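# Structural description and commentary
The lines below spell out each chain.
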Amino acid sequence: MLLGLVALCCSGILVLQNSLFVLASGRGLQQPLPKEEEIGGTESLLDDEFSTWIEETGRSWGMKGIAIAIVRKNSTAEETSWTVETKGYGIANRFGDLVDEESLFSLGSNSKLFTALAMGTVISDASKNLSWNSKVNDILPSSVWGLQDKYAEARTNIVDILSHRTGLPRHDLSPSRGDSIAKIRHLRPATEFRETAQYNNHMYVVASHIISKMTGMPFVSYVYRNIIVPIGLSSTTYNTCWAEESGKLVDGFINAGFHESKGTGFRHLRFLPVPYWNVKGGRELNAGAGGIISNAKDVAIWLQTLLTSGRSPVTGNSVIPSSVVHRVSQGVSMLSPGSMFPELSTKIYGMGQEMYSYQGVELIEHSGSTIGQHSILTRAPNQKIGIAVLTNWDDGAYFQEIVKFKLLEKALRLKSVDWNERYREISNQVERNMQQRKAQRPANPLPPTTSVKELEGLYYNPAYGKIGLCAFPPRNKIRTWSSHLIIQHLSGDNFTASPPYVFPAPFPNDTQRDADEITPFAIKFGGTDWQVQFLFNEGAEASPTAAIGMAWKGMWGAGRGVSSPSGGGRDGAEVWFDKIV
């Protein structure tokens, strides 16, 4: 019999960035690059042949909806002459509306470039007396800014927070918005300062706070006034309410596992619609890390602006200084020295962007993910080509990569590579790895030091907040929101934890629908279980079996190749919670 606990944790909304990226050395035969005049042209890339391919290939990935934007500067024409294509495929929402160029998607972590460029515009204003090397310690008061690593705290500058090299891992379950930024000082680092790149959303929240402090206006207002409106991005917003009221905001669809259709006996992979990840009306909530909502039409304008060093194709005006666009596109941190495929170079991270080459063509790129929605924006700066792919279902994170490479090969006349087969194997390998990492309960598990009932109580970490543990019968159906965890006994004082997200019923009042469409449903977040170890007040005369806290591992999201702290107990914990009640 499994022993279980359910925990309610006071954490914030997650901003998830697609962690899958393909890295490679430059080995292999270099294909000759096409001449510049061979790349230009007005022939359609999103032609009937491509439409057939995307529908057939997408079907094998459970495709829901996808929007594409492609921009190409005509090299033999005037500076302002572009070939622009935008198109939608599949369904936008639970009602079956079709995706088009105006369908609104979450850009997720592609919002980070807006933040980095906004920071650059502040720096370019000489009156602000700010530089890329300005230390956060000199900008924000000690009541706001702080790190557990005091060496890093004193030396972290703006480039460090925008290039993910402070030493902090993701710690995504710890909220860091508003006055909660001060809680970052309680997060344990995974590496030394500037030792390696580790993706961290919290630092972009810090960056948005710096911009607000230096300009005297809310971060979102500053970005609207100085980037979004002047460029002419008329449908781009941080405001969830506005996006929903427009009727164009897509639903995200998440993998709910295999499902048997009502009355047919046919089992198939089921994707169910979920609400937009951000709190309604929450404009400043994690905006700097992942708050942008946009569509293919606006993203095409955004790509053109970046490819012309900050000049709006709508107005012709220079909105972002070219020096700023170039600065954020310079490499700072190497993401990994490893490689998988010969056509790709190693990736390096700048500020809100990654740089690498594909078949010898330099690319600048970033991906983004929120719950059920993904995006990837890629540009070839030398060839003046930009491609954006926006998707609204779980496996869209894989499929958008396949589509991106297909279009790059077509636009740049590159050798065709079967990325569909490669990503199918990557997807399968990721699933195998997750299964292997799952903690296996031994055949004869040791009992815990005390009963599960005795482990009930309130636990506290100054960065993660409070977690309340309460026992529940193992076979009961639990309906919780994404702020909950399920903890099950493994052996001895060791447990495993998994965080389910429970979503509202897609069609709560339609009795003609299948059962899973008219009831709330739960989806486990993440592919592996976390490790939880309870510690007890050893040697205490009054209550030797009283729990004093719990040590968590596997949840902090460290960078590639970074290990969890060794050992057990408080010293070996990624996150430690004291029992306070």
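Okay, so let's go over this structure. Per-chain numbering applies: the sequence of each chain, read as written, is numbered from 1 onward. Predicted model: local features are reported for residues with pLDDT of at least 70 only, side-chain atom pairs are reported and counted for 80 or more only, and whole-chain, interface and lining totals are derived from all residues. Water and hydrogen atoms play no part in the side-chain values, which are based on all heavy atoms of the structure.

## Things to note about the overall build of the protein chain
Stated precisely, the cut-off is as follows: Secondary structure elements follow DSSP: runs of H or I no shorter than four residues count as helices, runs of E no shorter than two count as strands, and numbering proceeds from the N terminus. Relative accessibility under 20% of the residue-type maximum defines a buried residue, over 50% an exposed one, and the middle range a partly exposed one, all with a 1.4 Å probe and only protein chains included. Any two residues whose heavy atoms approach within 4.5 Å at even a single point are treated as in contact. Here the accessible surface of atoms and residues is derived via Shrake-Rupley with a 1.4 Å probe, and residues count as covered only by protein chains that are part of the display.
When you go through the protein chain residue by residue, the secondary structure sums to 15 helices and 22 strands. Every one of the 581 residues in the protein chain was classed for burial, and the buried ones make up 56%. Sequence-distant contacts, at least 24 apart, represent 67% of the contacts inside the protein chain between residues at least 6 apart. Surface exposure of the protein chain reaches about 24300 Å², of which carbon and sulfur atoms provide 49%.

## Concerning the packing of aromatic side chains
For any pair of aromatic rings, the description consists of the separation of the ring centres together with the inter-plane angle of the planes. What counts here: In summary, the pairing rule links any two rings of Phe, Tyr or Trp, Trp by its six-membered ring, whose centres are within 6.5 Å, and it sorts them by plane angle into stacked for under 30 degrees, edge-to-face for over 60 and tilted for everything else. We call a charge positioned above a ring when the Lys NZ or Arg CZ atom is no farther than 6 Å from the ring centre and deviates by at most 35 degrees from the ring normal.
Overall, the coordinates contain 22 aromatic pairs when judged by the stated rule. Residues Tyr459 and Phe534 carry aromatic rings whose centres are separated by 6.1 Å and whose planes lie at 70° to one another, so their mutual orientation is edge-to-face. Of the two residues, Tyr459 is situated in strand β14 (residues 457–461) and Phe534 in strand β20 (residues 530–536); the sequence distance between them amounts to 75 residues. Phe534 carries the same exposure label as Tyr459, and that label is buried. Directly above the ring of Tyr356 sits Lys347, whose terminal nitrogen or CZ lies 4.7 Å from the centroid.

## Points about the pattern of salt bridges
Pairing is possible between side chains that carry opposite charge, provided their charged atoms lie close to one another. What counts, and what does not: When a carboxyl oxygen of Asp or Glu is within 4 Å of a side-chain nitrogen of Lys or Arg, the pair counts as a salt bridge.
Under the defined criterion, the tally for this structure stands at 20 salt bridges. A salt bridge links Asp578 to Arg570, with the shortest nitrogen-to-oxygen separation between them at 3.5 Å. Judged by its relative accessible area of 30%, Asp578 falls in the partly exposed class. By relative accessible area, which is 43% here, Arg570 ends up partly exposed. Among the charged side chains, a salt-bridge network with shared partners connects Lys347, Glu354, Glu365, Glu401 and Lys404.

## Examining the nonpolar core
Going by this rule: Take the buried Ala, Val, Leu, Ile, Met, Phe, Trp, Tyr and Cys residues and link them wherever side-chain atoms come within 4.5 Å; each set so joined is a nonpolar core.
Trp302 and Trp552 are the most contacted members of the largest nonpolar core, which has 99 residues in total. When neighbours within four sequence positions are excluded, Trp302 is seen to be in contact with Leu113, Phe114, Leu117, Ile227, Ile231, Leu233, Ile320 and Leu377. Ranked by size, the runner-up nonpolar core spans 39 residues in total, among them Ile66, Phe253, Phe405 and Trp419.

## A closer look at the sheet that holds strand β8 (residues 333–334)
This is how the line gets drawn: For two strands to count as paired, DSSP must find a minimum of two bridges between them. Orientation is described by axes fitted as lines to C-alpha atoms, over the contacting stretch for helices, and by angles from 0 to 180 degrees between their N-to-C directions.
Spatially, 8 strands are ordered β3-β2-β13-β12-β11-β10-β9-β8 in an open sheet, and the strand pairing comes out antiparallel. On the outer flanks of this sheet lie β3 (82–90) and β8, each paired with one strand and no other. Packed on one face of the sheet, helix α11 (residues 296–307) meets β2 (65–73), β3, β12 (373–380) and β13 (385–391) and runs near 30° to β2.

## Re helix α8 (residues 219–231)
Rule in force here: What a helix is expected to span follows from its residue count: subtract one and scale by 1.5 Å. What is called the bend at a residue is the angle between a pair of axes, fitted to the seven residues leading up to and ending at it and to the seven starting from it.
For α8, which comprises 13 residues, the first-to-last C-alpha distance of 17 Å matches the rise-based estimate of 18 Å (1.5 Å per residue) to within 8%. Maximum bend of α8: about 40°, positioned at Arg225. Elements in contact with the buried residues of α8: α3 (111–124), α7 (202–215), α10 (287–290) and α11. Of the residues trailing α8, Gly232 is marked for its positive phi of about 100°.

## Some remarks on the side chain of Thr115
Note that Thr115 resides in helix α3. In contact with Thr115, other than residues within four places in its own chain, are Tyr204, Ala207, Ser208, Ile211, Phe219 and Gly288.

## Quick word on the pairing of β12
With 8 of 8 residues buried, β12 is to be regarded as a mostly interior element. Side chains Gln373, Ser375, Leu377 and Arg379 of β12 all project onto a buried face; the interleaved residues His374, Ile376, Thr378 and Ala380 project onto the opposite face, where all are buried too. With 7 bridges connecting them, strand β11 (residues 361–370) and β12 associate as antiparallel partners. From the neighbouring strand, Ser367 faces β12, where its bridge partner is Ile376. Joining the antiparallel neighbours β11 and β12 is a turn of 2 residues, in which Gly372 adopts a positive phi near 80°. Across 7 bridges, the pairing between β12 and β13 is antiparallel. Pairing of Thr378 across the sheet is with Ile387, part of β13. A loop of 4 residues connects β12 with β13, the two strands running antiparallel in sequence, and Lys384 in this loop sits at a positive phi of about 55°.

## Here's the deal with the packing of helix α2 (residues 48–59) against helix α13 (residues 396–412)
Where we set the bar: Put simply, angles under 35 degrees are roughly parallel, angles over 145 are roughly antiparallel, angles from 65 to 115 are roughly perpendicular, and the rest are oblique. What makes a crossing left-handed is the near helix being turned counterclockwise from the far one by less than a right angle; a clockwise turn instead makes it right-handed. Residue classes follow a fixed rule: Ala, Val, Leu, Ile, Met, Phe, Trp, Tyr, Cys and Pro count as nonpolar, while Asp, Glu, Lys and Arg count as charged, and any other residue, Gly among them, counts as polar.
It is the contact of α2 with α13, at a shortest axis distance of 11 Å, that shows an interaxial angle of 155°. Between α2 and α13, the angle is such that the two are roughly antiparallel. The hand of the α2/α13 crossing is right-handed. Here Phe50, Trp53, Ile54, Thr57 and Gly58 of α2 lie close against α13, whose contacting residues are Phe399, Ile402, Val403, Lys406, Leu407 and Lys410. Per-class residue counts for the contact of α2 with α13 are 7 nonpolar, 2 polar and 2 charged.

## Section: the pairing of strand β10 (residues 354–358)
When you tally the buried positions in β10, you get 4 out of 5 residues, the bulk of the element. The turn joining strand β9 (residues 348–349) and β10, which pair antiparallel and follow one another in sequence, is formed by 4 residues; a positive phi near 75° is taken by Gly352. Sheet analysis places β10 next to β11, joined by 5 bridges and oriented antiparallel. Along β11, the bridge assignment pairs Glu354 with Glu365. In this antiparallel pair of consecutive strands, β10 and β11, the connection spans 2 residues, and Gln359 shows a positive phi of 50°.

## Some details on a nonpolar patch on the surface
As a reminder of what qualifies: Every patch collects residues that have over 30% relative accessible area and no salt bridge, joining them within 9 Å if they carry like charges and within 5 Å if they are nonpolar side chains (Val, Leu, Ile, Met, Phe, Trp, Tyr).
Residues Tyr460, Ile580 and Val581 make up a contiguous nonpolar surface patch of roughly 280 Å² in combined accessible area. One can find Tyr460 in strand β14. Accessibility expressed as a relative area gives 32% for Tyr460, which makes it partly exposed.

## Digging into the side chain of Asp172
Using the following cut-off: Think of a polar contact as two N or O atoms within 3.5 Å of one another; within protein, one of them needs to be a possible hydrogen donor and the other a possible acceptor, and neighboring residues in sequence only count if both atoms come from side chains.
Structurally, Asp172 can be placed in the loop between α6 (158–162) and α7. Among the polar contacts listed, one links the side chain of Asp172 to the side chain of Arg170, at a separation of 2.7 Å. A polar contact of 3.0 Å, which involves the side chain of Asp172, links it to the side chain of Asn201.

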